[in-house]
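Spelled out, the chains give:
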Amino acid sequence: MAKTREQNHHFIFLAIIALLGIIAPMSFFKNNLPLAGLDTMLPIDIHLRMKEWPYLWGYFSSMLGADFSGRIIYLPQLLSYVVMNWLGLSLVASQKIIFIQIFLTAGFSMYFLSSTIWKKRPLIAFIAALIFMFNPVMAGFWQQFLSDSLYSFVALPLVLGLFLRGLETSRILKPAILFSFSTLLFLPYNPAIYAIGMGVIGIFFVFNLFGTKDKIKSFKFAFLALVLTLLLNLWWIIPQAISLPKFISHYGAEIKEPSRLVSQSTRAYLPNTIRLLGNSYWGYSLWNDEVSNYIGFLYETEPILIWLSFIYPFFAFLALSFRRRDKTVVFLTSLGIVSLFLAKGVSRPFGSVYDWLFQKVPGFFLFRTPSDKFWIMTLLTYSLLIGFSITEIFNWLAKKSKALSGILVLVTTVIFLAVQWPFFTGDVIPNGKSAIPSLEFKPPSYYQELSNWLKEQKGSFRILNLPGANRFTRWLVYKWGFLGAYPLLAEFLGRPVVDKQPQAPSDFLRLAAYYQLGNFSDISTIIDQQLPMSKSVSRILGLMNIRYVLVNHDVEWQHLHYGSESPEELERNLSSQEMIEKERDFGNLHLYRLKGTVLPEIYSASADGGIEFFGNKKQLGAFSSFDDYLPENGFYLNPLGGETAEKREIFIGTDYRYYRETFSRNYTNFPPFPFIRLLPDNPLYSMVELRDFYREKKFREDPPALILTKLDLADKRMAEIDKMIKTGNFSGLAKAQQKYEETIREMVEVFEKGWRSGETVDTLALDVRKRLNYQENFLVWAGKVLENKDEENVIKKILVNFPNWYSGLGEFIRPWWFDDDLANERGLAGYEFRVPEEGEYNLLLNTHDLESVDLDQQGRFKIEGGIVDRSGTKIPLNWVSPGFIGANKWISLGKFFLKSGDYTLVIANQRTRNLLGANYYWRIFGDGKNWPLSDDPSTYQMEVERRKAAAFYTTFPNPDSSATYRVSFSYRNISGKPLRVLIFKTRENEFSEKDFEEAFSSFLIPSEIKRARRERTGVKVYKSYTINVLANEEEELIKESIWQRSIFDCHPGEGANVVGLVFFIDEDKSYLNDSINQINDLRVERVFDNPIVFRQTKEREILDERPEIFFKRINPTRYEVGVKGAVMPFKLVFNESFDPDWRAYIVRDGEKIEGETVAEYVSVNAFEIAPESIFFRFSFLKKPGKEISRGNHFLINGYANGWSVDELGDYKIILLYQPQRYFYYCLIISISIMIILSSYFFLSGYPKNSR
Amino acid sequence: MNLLERLRQTRRLFTNEITIKLFRYLAIATFVVLSFPILSRSSFVRGLFNLYLAAFFLWLGTYIYCRLETKTLVLVALLLLLFLPPLLILDKDILIIEDLSIYIYEILSLAIIQEVVSRYKRYKKR
């Protein structure tokens, strides 16, 4: 009887879960359209996707080909789309089924897990399942439309449940088989969440060991389960393992950037994390007056929702207070506490623990966004604990009144569902109510027209899309309502479309192309080096197999952060280019065609060596602008030895030493444990010193870390001195000064040592420079003391004991502003370069920017300096221009005989004037006040009341968009929040206050105004606040009451008509006092940083002995190349991004390459055979022939694969991506194991639970 | 004297009434002494005070002298949790809200530690 009742309960609960799991996703599809955008990659063209996604190399990548091992995870989901397509279901129907699957998996798997942990308590399972399906974390994921991730991660409870059942039963093999099969549902769409999920299973295993008597059996089961899981998952484990080192070496530095950890953790502070709202997807920002995440916004502002959001922690932790709390409840609560601690990241309390883990534990960088990763652990424990709590209350009430307890269950269920109402109204996904456009996918018809037209074009080629986003993960916004990082165009057009700006390792070529066309947005990557603009961009595009340039008027170009030009302007730039002409328009898509040489995917480069390129790769633009440059010759960044030296050209790009002002390291200012900021006058201050002492000891082997520690220490010492001078307490001054000097000296020693051994990086130099300001400040104070206090003895002592220590730094590494000519901040500029072999080199200077130069009456200017080698020997350089010289010309400064080695060209900076002059004025936006001081009119005081926001801005007179400007100013903070500084630009001719408000209001308006604006919905604005703002990041100036000099360079970029400087204070509650800051001696100057190259040209023999090349793409990871009539060694160029895993094999007696010739490339004697798409043949498993030595595989054209081929005559070369071959093996193993295990499983029946 | 004897002696020393009294005073004195740096930290004026240390002493005190049940500790924490929504709604200083949530978090953690320790003791006795 009881059993039947329990079964009934199970049935009713499961039916409700199923019903809700179907209702919720169906509400997303209001107009029966497929949903695409944000982070979900909807398979628009499933056939095309099958040609691309089962491979580990992405031919359709927007990055000229890339390793896509990570994408192999999507295979099961993709296959289910394929099956549904095969069954005749439409895309929208397939998507509905996938979404229903996500919800049902979440509900049923949690129900299963809960029933496994607490048997015969269906109510717990029911509540837990509801919580797991509908909760703020999931809502955040849906807001970001991360359905691909959810597809896999909702299966964790099922996997865990099966594991726990396996531990309980007496049998081993079958439960292990079942478990290992379930892991195929739980795949690493996100490696960090996957690792946490697997970690949770491990923790449960350890916990289970305490309660079980037969520990040996548990271990046996766990071991078997692990082995079977590994075998079944081999198909993705091995490819991912192969690509991991590559991934880390490419992106590691960026991922490990600690500042990211801090910025990502800001939302995750405890009050948010504890109620599951710490997830960064749950955050919202204001896009003008529209919020980006409507639901997140409501949760932060609506009182009732704030109250209701606390029901999650309340009921979860309530579980611990019940009498029937068993060890599982205690265990789950502990797990919840730990996961909360991890999910909050570097926020208090003890945030330094996470920081330590992040820095010290290898691989921990995966968890750089803690709140977006550890949610799975928190949510799992919360769901189970809430279920437990509510059931306990229910049982307690049931003893008193059955009706009451029934009502309780109903009410709580309704409340928990009502809090998550957006799941049922379809508001949980962006549906047009917020600033993000609706996800409904409704592209205009001309996309199809263009696609059809392109299909008629023969041969393989790429398309360059303008404007491009500046990161490959950057969202593109289409006016017809699409927003996402997803390579939409490639899938639409069935051709590789380069539509994201470079971030990949070998992509400076794309950067050069984008730059030349005026669409460069990532200032940080190019500001180091000016590239001369040229009309020869088609030469660069041709190298990349780009045949068409698409100007996309559908893209909201203003959304592309940090400055692209408008499509109209981009078209203007295109039409001014040589060898590019308009093809035709397809609606808002305007297509241009290259008339010049477009090189094929595979060809043989000129046999006579081509060009060797050394130095800064970003100077490619300079290189291609030489008139005698021939693209089809190929150029080498990493040339091999033993080439025919008498026939080549050496081209050395110099590296302009630019000392960039790093943005203030908020991270290092993060107060370490115990979060007590002790001031120097505190008796416990010595504890801080002690800690610093040990820290320093620890970091002794690590110069950058040690220098940072020293810098901190120097800071503190200077604060002490400052205080002493202020209070007139001179008794300890000499000692304090001695200590300070000692610190600086030690720091310089480390710095010099590091620099000599080549470890020093620019940023290090910058930090040292920052500190150098203190010396200046120190002398200024000393002067003040002398003046005011008449303490001559003290000042004499200071001056005597303060040697000019920085003179010890090498001449050219010394920051320019600390040179003899400090008065006008002129100093020296250095161009570093490496000479590969001795010879006579022509030194060429590009004259693209001479406006900043102080020409004499005859229009002449001087270049003074010399070429210095590492030993300090200097070859003098004194050059005077003959007269006026036009712009964009290469002029020779002389010929120099140089031995091989490292050199620096040191030239005196040209004299420049302060563009602002003395009469600039500040405009104010917000609640700020600003005036020149009465006793010193050159100093401006800027005041903003506490908790108020304001911006002070001024514009550069007549800015030149192609120039680099150096902005320098002295600054000090008297009290309150320090100023932030930002460079902005706009295309408008006038930048009115209204424009300014539009661009800056979203982070300057106080929250009261934000609240008032809440009601204004309906207008869709896609702009983000970074519009028109040039700088990558704004910089917060150091909060110091001493004068500091801040210097940084900026580049307005094409089309900027108004460029200006903003100092601003945003609303910040954490400062108690009004913000008072002073600015003095603001200078804006043009920087003379024209490109300089060294060039050596030797006699060229005109050779045209290229063999005939026939090539055919079998699939994205395999190409067959026929070589005919090779009479001399040649270089084979393969236009996919260089990857050491691409291998070339020579086959002498293979089958002929058959098929229709679809394209001919006369200039390089190459023919393309119609490509195929063959996923697998048994012959793909083995090496096809004799491998071309890996030593002969090199980078060519700056991004592509090149091989030196010595074989003569007629033969075939097979190019293959090696990991794909391993993938075939792994797939075969996984599939065979799958077949064996499932046949064993089904043939022998599943054992009944032994308990 | 062998090691065991020495251990026994040490144990006697710690369980002796005078030592317990001494510890009590030491705990209070530490609290008083530590309150100086706590109060002098710059966020004091903005936040309330260093709540998580206070939570620790609350727990330490109760654990040594008048043991509170885990249930009571949890209910205290949950009661305090109910103060968070009004503070958020009234848009109070974020540091105060964070301090309070840290306090709640600490009490919950200590309740868990207490529970685990007592369960472990029982487990060992068995």
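Since the structure is predicted, the reported quantities are computational estimates derived from the model, not experimental observations. (Residues numbered from 1 in each chain as written. Chains lettered and ligands numbered in written order. Predicted model: local features only at pLDDT ≥ 70, side-chain atom pairs only at ≥ 80, totals over all residues. Heavy atoms only, no water.)

Draft legend 1. Quick look at the overall build of chain A. On a plain count of helices and strands, chain A comes out with 39 helices and 43 strands. The buried share of chain A, taken over its 1251 residues, is 61%. Nonlocal contacts in chain A, meaning residues at least 24 apart in sequence, comprise 80% of its contacts between residues at least 6 apart. (Helix = DSSP H or I, 4+ residues; strand = E, 2+ residues; numbered from the N terminus. Buried < 20%, exposed > 50% of the residue type's maximum accessible area, 1.4 Å probe, protein only. Contact = heavy atoms within 4.5 Å.)

Draft legend 2. Representation of a nonpolar patch on the surface in the model. Judged by side-chain polarity, A:V83, A:W86, A:L87, A:L89 and A:I97 come together as a nonpolar surface patch covering roughly 540 Å² of accessible area. For A:I97, a relative accessible area of 40% translates into the label partly exposed. (Patch = residues over 30% accessible without salt bridge, like charges linked within 9 Å, V, L, I, M, F, W, Y side chains within 5 Å. Areas by Shrake-Rupley, 256 points an atom, 1.4 Å probe, with all protein chains shown as cover. Salt bridge = Lys/Arg side-chain N within 4 Å of Asp/Glu carboxyl O.)

Draft legend 3. Highlighting the packing of helix α18 (residues 327–343) of chain A against helix α21 (residues 375–400) of chain A. All names here are of chain A. Put simply, α18 and α21 touch, their axes get as near as 9 Å, and they point 145° apart. The interaxial crossing formed by α18 with α21 has left-handed handedness. Only M377, T378, T381, Y382, L384, L385 and F388 of α21 make contact with α18, whose side of the interface consists of V329, L332, T333, L335, G336, V338, S339 and L340. (Axes fitted to C-alpha atoms, helices over the stretch in contact; angles between N-to-C directions. Left-handed = near helix turned anticlockwise from the far one by under 90°.)

Draft legend 4. Inspection of the side chain of A:T378 at higher detail. Residues and elements named next belong to chain A. Tracing the backbone through its elements, the reader meets T378 in helix α21. Engagement of the side chain of T378 in a polar contact is seen with the side chain of S339, the distance being 3.1 Å. Once residues lying within four places of it in the same chain are set aside, the contact partners of T378 are L276, S339 and L340. (Polar contact = N/O pair within 3.5 Å; in protein donor to acceptor, adjacent residues only side chain to side chain.)

Draft legend 5. Looking closely at the environment of A:L187. All names here are of chain A. The residue L187 is located in the loop between α9 (173–182) and α10 (191–211) in this model. The sequence separation of L187 and S149 amounts to 38 residues, and the corresponding C-alpha distance is 8.9 Å. The residues contacting L187, other than those within four sequence positions of it, are I73, P76, S152, F153, Y194, N233, W235 and W236.

Draft legend 6. Structural detail: a positive patch on the surface. Judged by side-chain charge, A:R323, A:K399, A:K400 and B:K71 come together as a positively charged surface patch. Locating A:K399 in the fold gives a position in helix α21. (Lys, Arg positive; Asp, Glu negative; His and termini not counted. Charge placed at Lys NZ, Arg CZ, Asp CG, Glu CD.)

Draft legend 7. Seen up close, the packing of aromatic side chains. Residues and elements named next belong to chain A. Inspection of the entire model under this criterion finds 67 aromatic pairs over all chains. Consider the rings of W53 and Y74, whose centres lie 5.4 Å apart with planes at 90°: the pair is edge-to-face. Here Y74 lies in the loop between β2 (66–67) and α3 (75–86) and W53 lies in the loop between α2 (46–50) and β1 (57–58), a separation of 21 residues in the sequence. Overall, the relative accessible area of 17% leaves Y74 in the buried class. Each ring, one from F99 and one from W142, has its centre 5.1 Å from the other, and the planes form 65°; the classification is edge-to-face. In this pair, F99 is assigned in helix α4 (residues 91–117) and W142 in helix α6 (residues 136–143), connecting sequence segments 43 residues apart. On the basis of relative accessibility, which here comes to 1%, the residue W142 falls in the buried class. (Phe/Tyr/Trp six-rings, centres within 6.5 Å; stacked < 30°, edge-to-face > 60°.)

Draft legend 8. A look at the pattern of salt bridges. If you walk through the whole model with that rule in mind, you get 20 salt bridges over all chains. Between A:K458 and A:E1156 there is a salt bridge; the shortest N-O distance is 3.2 Å. With a gap of 698 residues between them, A:K458 in the loop between α24 (446–456) and β5 (462–469) and A:E1156 in the loop between β37 (1142–1147) and β38 (1157–1161) connect regions that are remote in the sequence. The closest approach of N and O atoms between B:R119 and B:E115, which form a salt bridge, is 3.0 Å.

Draft legend 9. Expanded view of the pairing of strand β24 (residues 928–932) of chain A. Residue and element names in this part refer to chain A. Note that β24 and strand β25 (residues 939–944) share 5 bridges and pair antiparallel. Across the sheet, the residue bridging to G928 is V944, located in β25. Hairpin connection, β24 to β25: the antiparallel pair is bridged by 6 residues. (Pairing = 2+ DSSP bridges.)

Draft legend 10. Representation of the sheet that holds β38(A) within the structure. Residue and element names in this part refer to chain A. The sheet built from 7 strands is open, its strands ordered β38-β39-β34-β35-β43-β37-β40 with mixed pairing. Sheet topology places β38 and β40 (1186–1187) at the edges, where each strand pairs with a single neighbour. Note: strand β35 (residues 1118–1126) against strand β43 (residues 1209–1217), 7 bridges, orientation antiparallel. The partner of R1118 across the bridge, within β43, is L1216. Contacting β34 (1108–1115), β37 and β43, helix α39 (residues 1218–1244) runs over the sheet at an angle of about 65° to β43.

Draft legend 11. Expanded view of the environment of A:N279. Residues and elements named next belong to chain A. Relative to the elements of secondary structure, N279 occurs in the loop between α14 (270–273) and β3 (286–287). A relative accessible area of 3% places N279 in the buried class. Put simply, N279 and M724 are 445 residues apart on the chain and 46 Å apart in space, counted from C-alpha to C-alpha. Discounting residues that sit within four places of it in the chain, N279 has contacts with V137, F141, R267, S371, D372 and W375.

Honestly, that's just the spatial picture; any functional story needs more than this.
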